[in-house]
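One letter stands for each residue in the lines below.
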Amino acid sequence: MTTDVLVLNAGFTALDIISKEESIRMLYTSKAYTVVESERTISSPSITMRVPNVIALLNYKSIPKRKVGFSKLSVIYRDNLTCQYCGEKFTMRDLTIDHIIPKSRWAKVKRTSKRNWTTWENCVCSCIWCNNKKGNRLLEETDMKLSRKPYIPKYLPKLIIDFKRAENKGWLPFTGWNVRLINSPK
Ligand SMILES: [Zn+2]
């Protein structure tokens, strides 16, 4: 994992994280240049060169606007790995998606036969303990509260990078709108 290289667009927007080998290939073929070097070197019989931590493309690459697709993972990232009930941060392993209005109560509450309960507005990131505690109850039947109203995100950044990792690799100055930094809990 320590050999990964951050790729920037010609305008210095973070685009991707690629392998060391791939980055060297891009440097050799003049598709990119080094922005930040690492301490490590790579050697071939004829040349020794520094492995980059950050490279930038020479030619601007247009980025298509991406619609944010709904997924369990997207909900967890929208909510920043934070349980929306107890407000604590967890690792993926301890996180689930809670349906605010439980599936079993949906038809009655919404007065519909449509099973459209899996939406950005009805799903939040929840730790397994809060999820268990809430069970099949409606929020008003519990003493639990949402820390914020769930919303449809306008965009999700392409890259989700651990803050410490970005710091260690000198990526922090290049983490703009296309990157979300997360603090992974220990
Ligand atoms: Zn919780």
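Bear in mind the structure is a predicted one, so any value in this text is a computation, not a measurement.

1. Some points on the pairing of strand S7 (residues 159-162)
Right, on to step 1. Both S7 and strand S8 (residues 179-182) contribute to a ladder of four bridges, which runs parallel. Across the sheet, Ile 160 pairs through a bridge with Arg 180, a residue of S8.
Right, on to step 2. Note on the crossover from S7 through helix H5 (residues 163-168) to S8: the handedness is right-handed.

2. A short note on the domain arrangement of the chain
Right, on to step 1. For the chain, the assigned domains are domain 1 (5-65 + 158-178) and domain 2 (72-141).
Right, on to step 2. Averaged C-alpha coordinates put domain 1 and domain 2 at centres separated by 37 Å.

3. Some details on the sheet that holds strand S3 (residues 32-43)
Right, on to step 1. The mixed open sheet is built from four strands, whose spatial order is S2-S1-S4-S3. A strand with exactly one partner marks an edge of an open sheet, and here the two such strands are strand S2 (14-18) and S3. Neighbour-to-neighbour, the strand axes of this sheet turn through a mean angle of 35°, independent of strand direction.
Right, on to step 2. Relative to S2, strand S1 (residues 5-8) runs antiparallel, the two sharing four bridges. Of the residues in S2, the one forming a bridge with Leu 6 is Ile 17.

4. Re the nonpolar core
Right, on to step 1. If you look at the biggest cluster of nonpolar residues, it comprises 15 residues, and the most contacted ones within it are Leu 6, Leu 8, Val 54, Ile 55, Trp 171 and Phe 174.
Right, on to step 2. At the level of elements, S1 and strand S4 (48-57) are the ones that each hand at least two residues to this core.
Right, on to step 3. For this core, the element with the most residues is S1, which contributes four residues.
Right, on to step 4. If sequence neighbours within four positions are ignored, Ile 55 has contacts with Val 5, Val 7, Ser 23, Met 26, Leu 27, Ala 32, Tyr 33, Thr 34 and Val 35.
Right, on to step 5. Ranked by size, the runner-up nonpolar core spans 11 residues in total, among them Ile 76, Cys 83, Leu 95 and Cys 123.

Reading guide: rules and limits
- Residues numbered from 1 in each chain as written.
- Predicted model: local features only at pLDDT ≥ 70, side-chain atom pairs only at ≥ 80, totals over all residues.
- Pairing = 2+ DSSP bridges.
- Helix = DSSP H or I, 4+ residues; strand = E, 2+ residues; numbered from the N terminus.
- Right-handed = clockwise from strand over helix to strand, strands pointing away.
- Domains from an automatic or database assignment.
- Axes fitted to C-alpha atoms, helices over the stretch in contact; angles between N-to-C directions.
- Core = buried A, V, L, I, M, F, W, Y, C linked by C-beta atoms within 7 Å.
- Buried ≥ 20, exposed ≤ 12 C-beta atoms within 10 Å, placed from the backbone.
- Contact = placed C-beta atoms within 7 Å.

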